[in-house]
Each structure stands twice: as C-alpha cells, then as structure tokens.
Amino acid sequence: MTIRPILLAPDPRLAAASEPVSAVNDEIRALVKDMLDSMYAADGIGLAAIQIGVPKRVVVMDLGPAKGTEGEKAPSAPQVFINPQITWASEDLATAEEGCLSVPDIWDKVERPAKVHVTYLDQDGVQQRLEADGLLACCIQHEMDHLQGTLFIDHLSKLKRSIALRKLAKNKRLKETG
Ligand code: K1U
Ligand code: ZN
C-alpha cells in the first residue's frame with residue numbers, strides 16, 4: 001500500500017490543468033492504486049491525480065456505504081475515471097455541501113448541474129458512459145474541476161473564498177506550532 005501526501009491549497013499545482021492519459025497501461029493502473037490507497041487513508045470519497053501531485057486526467061471515487069468494524073471505513077465501491085468528459089449537463093441545478101481533501105476542515109454549499117452524463121475510460125482502457133445524479137453527480141463534477149485546476153472554493157463569493165483561505169492558513173500555522 002502506498003499512501004501519498006495530498007497537496008493543500010494554495011499549492012499552485014492545484015491550479016494547473018491536467019494532461020489526458022495517452023495509454024491506459026500498468027503505470028496508470030499503479031497510479032490508480034496509489035490514489036485509492038491515499039483516498040481511503042484520508043477518509044475521502046473522491047480524489048483527482050493532481051491532488052497527489054500527478055497532473056494526469058485520472059479520478060477515483062468511492063461513494064459506497066461505510067463498512068468494516070469499529071467505525072473503520074473499508075473499500076466498498078471504487079470507481080475509476082480516466083480522461084472523463086462531461087457530454088451533457090442538466091439545466092436544473094442542485095446545491096450541496098462540499099468539502100475537499102486539499103481544503104481541509106472547510107465545507108460550503110456549491111450549486112452545480114443536478115444531472116450529468118460522463119464518458120471515460122476504465123482501467124482496461126475501455127470506453128464507458130455514466131449517468132449521474134445526487135452525490136455522484138456532485139462528486140464527479142467536483143473531481144473534474146480539479147482536472148481543470150478549479151477548487152470548490154473558486155465557486156464561492158470572493159469574500160467567502162478569502163475567508164476560507166485565511167482559515168486554511170490559520171489551521172496550517174496552528175498545526176505547525178502544535
Ligand atoms: O476532491 C476531494 O478532495 C474529495 C472530496 C470529494 C467531495 C466531497 C463532498 C462533496 C463533493 C466532493 C472529499 O472526499 S471531502 C471528504 C469527505 O467527503 C468526507 C470526509 C470524512 C467523512 C465523510 C466525508
Ligand atoms: Zn477536492
């Protein structure tokens with residue numbers, strides 16, 4: 001198991017666009033495994049490759065029910081999206097509370113299309129299609145934003161975003177000084 005450190009805002013690498021994967025090979029499958037290990041270790045439900053410093057268009061998610069013993073979350077329904085593209089987004093919008101492993105301890109409401117259709121490659125390089133609504137639609141759009149260098153706090157008002165960044169900096173200082 002390889003748990004890689006997760007980049008934290010305002011790391012400039014999180015603001016860069018990621019490159020498409022040219023071939024789904026063992027190197028990409030090893031990246032996917034590290035991403036899943038890192039996501040589960042951080043108690044997340046999604047992760048984009050750039051969050052562990054790899055600027056490739058790869059996303060993992062697991063919205064499965066929490067399993068395991070003593071409150072421990074076990075892997076339940078991992079999903080892997082390579083070169084995902086949104087092919088359709090509904091006009092109707094949904095608002096949901098979002099968090100981000102790269103923006104720890106900050107949650108806020110974000111409005112996005114309620115439903116999306118997504119095409120992507122799976123780990124065997126086979127083209128797949130997903131119709132998503134609810135948390136799945138919210139999470140895949142959040143993760144695909146990462147591939148464009150966008151964080152959920154970029155969807156907030158200027159004031160809310162600067163409050164979030166100040167809170168992040170304060171939390172970082174507190175962690176460093178104990
Ligand atoms: O991109 C990320 O950093 C992952 C992010 C995904 C996400 C969450 C909520 C709405 C949209 C997208 C997270 O996983 S944040 C952590 C999280 O969801 C969580 C953590 C502990 C307990 C329960 C949930
Ligand atoms: Zn995120």
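Please read these numbers as outputs of a predicted model, since none were measured by experiment.

Novice: Looking at this structure, how should I read the sheet that holds strand β2 (residues 58-62)?
Specialist: In a beta sheet, neighbouring strands are held together by backbone hydrogen bonds and run either parallel or antiparallel to one another. Strands sit in the order β1-β2-β3-β6-β7 across an open sheet of five strands; the sheet is antiparallel. Of all strands in the sheet, those with a lone pairing partner are β1 (46-48) and β7 (127-133), marking the two edges. Each strand of the sheet is rotated relative to its neighbour by a mean of 40°, with strand direction disregarded. Across the sheet, helix α2 (residues 134-147) touches β1, β2, β3 (78-89), β6 (115-121) and β7, and the angle it forms with β2 is around 150°.

Novice: Can you help me understand the coordination of the zinc ion (ligand 2) in this one?
Specialist: Each pair of donors in an ideal four-coordinate tetrahedral metal site encloses 109.5 degrees, whereas pairs in an ideal six-coordinate octahedral site enclose 90 or 180 degrees. Bound to the zinc ion (ligand 2) on the protein side are Cys-100 (SG), His-142 (NE2) and His-146 (NE2), at distances that span 2.0 to 2.3 Å. Of note, the donors binding the zinc ion (ligand 2) are all from one chain and are spaced C-x41-H-x3-H. Taken together, the residues Cys-100 in the loop between β4 (93-98) and β5 (108-113) and His-142 in helix α2 connect sequence positions 42 residues apart. Each member of the pair, Cys-100 together with His-142, is buried.

Novice: I'm lost on the site of ligand 1 in this one. Help?
Specialist: Ligand 1 sits among 16 residues. The nearest are Ile-45, Gly-46, Gln-51, Leu-101 and Glu-143. Contact between ligand 1 and Ile-45: an oxygen atom at 2.8 Å from a main-chain N or O atom of the residue. A distance of 3.0 Å separates an oxygen atom of ligand 1 from a polar atom in the side chain of His-142. Protein chains shield 78% of the accessible area of ligand 1, which is 540 Å² for the free molecule. Counting only elements with at least two residues in the shell around ligand 1, the list comes to β4 and α2. Sort the elements by how many residues they give to the shell around ligand 1 and α2 lands first, with five residues. Partitioning the shell around ligand 1 into residue classes produces six nonpolar, six polar and four charged.

Quick notes on the rules
Residues numbered from 1 in each chain as written. Chains lettered and ligands numbered in written order. Predicted model: local features only at pLDDT ≥ 70, side-chain atom pairs only at ≥ 80, totals over all residues. Heavy atoms only, no water. Pairing = 2+ DSSP bridges. Helix = DSSP H or I, 4+ residues; strand = E, 2+ residues; numbered from the N terminus. Axes fitted to C-alpha atoms, helices over the stretch in contact; angles between N-to-C directions. Contact = heavy atoms within 4.5 Å. Donors = N, O, S within 2.8 Å, 3.2 Å for Na, K, Ca; no water. Buried < 20%, exposed > 50% of the residue type's maximum accessible area, 1.4 Å probe, protein only. Near = heavy atom within 4 Å. Polar contact = N/O pair within 3.5 Å; in protein donor to acceptor, adjacent residues only side chain to side chain. Areas by Shrake-Rupley, 256 points an atom, 1.4 Å probe, with all protein chains shown as cover. Nonpolar A, V, L, I, M, F, W, Y, C, P; charged D, E, K, R; others polar.

Worth remembering: the numbers are spatial, not functional.
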